[in-house]
Amino acid sequence: MGSRCKVIIRESSYRTCSEAVEYAFAAFPLAVKGKSVVVKVNAIRACDPDNSAIVTHPALLKAVIDKLETLGPKRIVVGDSVGTESYGNSRQVFDTTGLAAAAGPYYRNLSLNLKMVDVERPFQRRVAVLKDVLEADVYISLAKMKTHGMTMLSGALKNNYGLLAGAQKSWYHYYSGRPELFAEILIEMYRLRIPDLVIMDGILAMEGYGPCSPESRRVNKVLASTDAVALDAVIARMMGFKKDEVPYLAIARERGIGETDLDAIEIEGDASPIEGFNRPLVIPESTYCYLSGVGGGKTSRAFFADRVCYRPVFRAERCPPGCVACVDACPVEALKPGIPPTLLSERCMLCSACGEACTHEAIRFAPDEAMLTELSRS
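Residues numbered from 1 in each chain as written. Predicted model: local features only at pLDDT ≥ 70, side-chain atom pairs only at ≥ 80, totals over all residues. Heavy atoms only, no water.

Caption draft 1: How the structure looks around the packing of aromatic side chains. Throughout the structure, instances matching the rule amount to 8 aromatic pairs. When the ring of Tyr310 is compared with that of Phe365, the centres are 6.4 Å apart and the planes differ by 25 degrees; the resulting orientation is stacked. Here the residue Tyr310 occupies a position in strand 14 (residues 310-314), and Phe365 occupies one in strand 17 (residues 363-367), the gap between them amounting to 55 residues. Each member of the pair, Tyr310 as well as Phe365, carries the same accessibility label: buried. These aromatic residues form a ring-pair network of at least three members: Phe123, Trp171, Tyr172, Tyr174 and Tyr175. The ring of Tyr23 carries Arg10 above its face, with NZ or CZ at 3.8 Å from the centroid. (Phe/Tyr/Trp six-rings, centres within 6.5 Å; stacked < 30°, edge-to-face > 60°. Helix = DSSP H or I, 4+ residues; strand = E, 2+ residues; numbered from the N terminus. Buried < 20%, exposed > 50% of the residue type's maximum accessible area, 1.4 Å probe, protein only. Lys NZ or Arg CZ within 6 Å of the ring centre and 35° of its normal.)

Caption draft 2: Representation of the nonpolar core. In this structure, Met145, Tyr172, Met238 and Tyr248 are the most contacted members of the largest nonpolar core, which totals 91 residues. Beyond its immediate chain neighbours, meaning those up to four positions away, Tyr248 contacts Thr151, Leu153, Ser154, Gly155, Leu157, Ala183, Leu186, Ile187 and Asp232. Ranked by size, the runner-up nonpolar core spans 45 residues in total, among them Val21, Val82, Ala103 and Ile140. (Core = buried A, V, L, I, M, F, W, Y, C linked by side-chain atoms within 4.5 Å. Contact = heavy atoms within 4.5 Å.)

Caption draft 3: Representation of the packing of helix 10 (residues 301-308) against helix 13 (residues 369-377) within the structure. It is the contact of helix 10 with helix 13, at a shortest axis distance of 9 Å, that shows an interaxial angle of 140 degrees. When the axis of helix 10 is compared with that of helix 13, the two are oblique. Classified by chirality, the crossing of helix 13 by helix 10 is right-handed. Contact residues: Ala305, Asp306 and Val308 in helix 10; Met371, Leu372 and Leu375 in helix 13. For the contact of helix 10 with helix 13, a count of residues per class yields 5 nonpolar, no polar and 1 charged. (Axes fitted to C-alpha atoms, helices over the stretch in contact; angles between N-to-C directions. Parallel < 35°, antiparallel > 145°, perpendicular 65-115°, else oblique. Left-handed = near helix turned anticlockwise from the far one by under 90°. Nonpolar A, V, L, I, M, F, W, Y, C, P; charged D, E, K, R; others polar.)

Caption draft 4: Fine view of the environment of Ile265. The residue Ile265 is located in strand 11 (residues 265-268) in this model. Given the relative accessible area of 3%, Ile265 is considered buried. Residues Ile265 and Ala302 lie 37 residues apart in sequence; the distance between their C-alpha atoms is 41 Å. The residues touching Ile265, leaving out its near neighbours within four places in the chain, are Arg4, Cys5, Val7, Ala230, Ala233, Val234 and Glu259.

Below, the structure written as structure tokens:
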């Protein structure tokens, strides 16, 4: 790479994190005045952020918003596309975690504004992604310092996986089949819109087999960089991972995406290895079965098969006459107006936008049994 990249690490707490945020903006100045700014958090599922390390803490989000308001942006938008157990329920996740309250008037359900794009790796596929993030003048990623049962690390770069709307995430989990292949889509989503600034919540960090592990560790740090790859390389060492144990960092190094060489990264602050950090040690086998805090504690292809076959199921008695919210939200015209709407299943992108748009509790997601049977035969 050209110029030497930098990662800053500040000792902090949720009570004092505004000081770390102020320092991050001073270290990495952004031209925000008159610009459209999107802030993407990690909001994988509903939880108590004071007692788990699953989502970005609302205190950090509030500190970032407070700072942005002083910089005169034209618009601030805050959101995310939620994870496996919450497809179609972004607002509930934001309400439960306190992220909606922290975002205030800036919260937006990003899954209701999607754009279709083509990705080449690991498969040639057309996907629905968060349009607000793609088209932002300034994109700030508020990542969480977390582990992951398959990718070992779920940090700055992997926060961009949330650009994929809804159960498309499960599609890639299912069909990738092995960590090295799955890492390809993480790289593609990162390259699709590289953050202008990453600020990472490492105050309460995740241990064990994430991304929803119940184990957490008080690390009491806020980290920041304009290079998500460099930031992840730093926290990988802090967690105790060796150079090639994080698949997506290995690919990034091979392709010259970001900086993974710690000797080439200027680190300001204490990046010492965390003594006794409980990182994932069990590399996923070819069966694709890996330990995780998701669902029953163990994740397999069968776990994701249900979600690959998810389709909206309608309760006609709850559909008001004339309502076409779900139809309008679909980015691929897979729904036709009616009571209930007609689903063109072969067009469905698994984006879950229809569920996000429905305010009448008329839509739930369930596996199509015929598809599930066919999938089990393949």
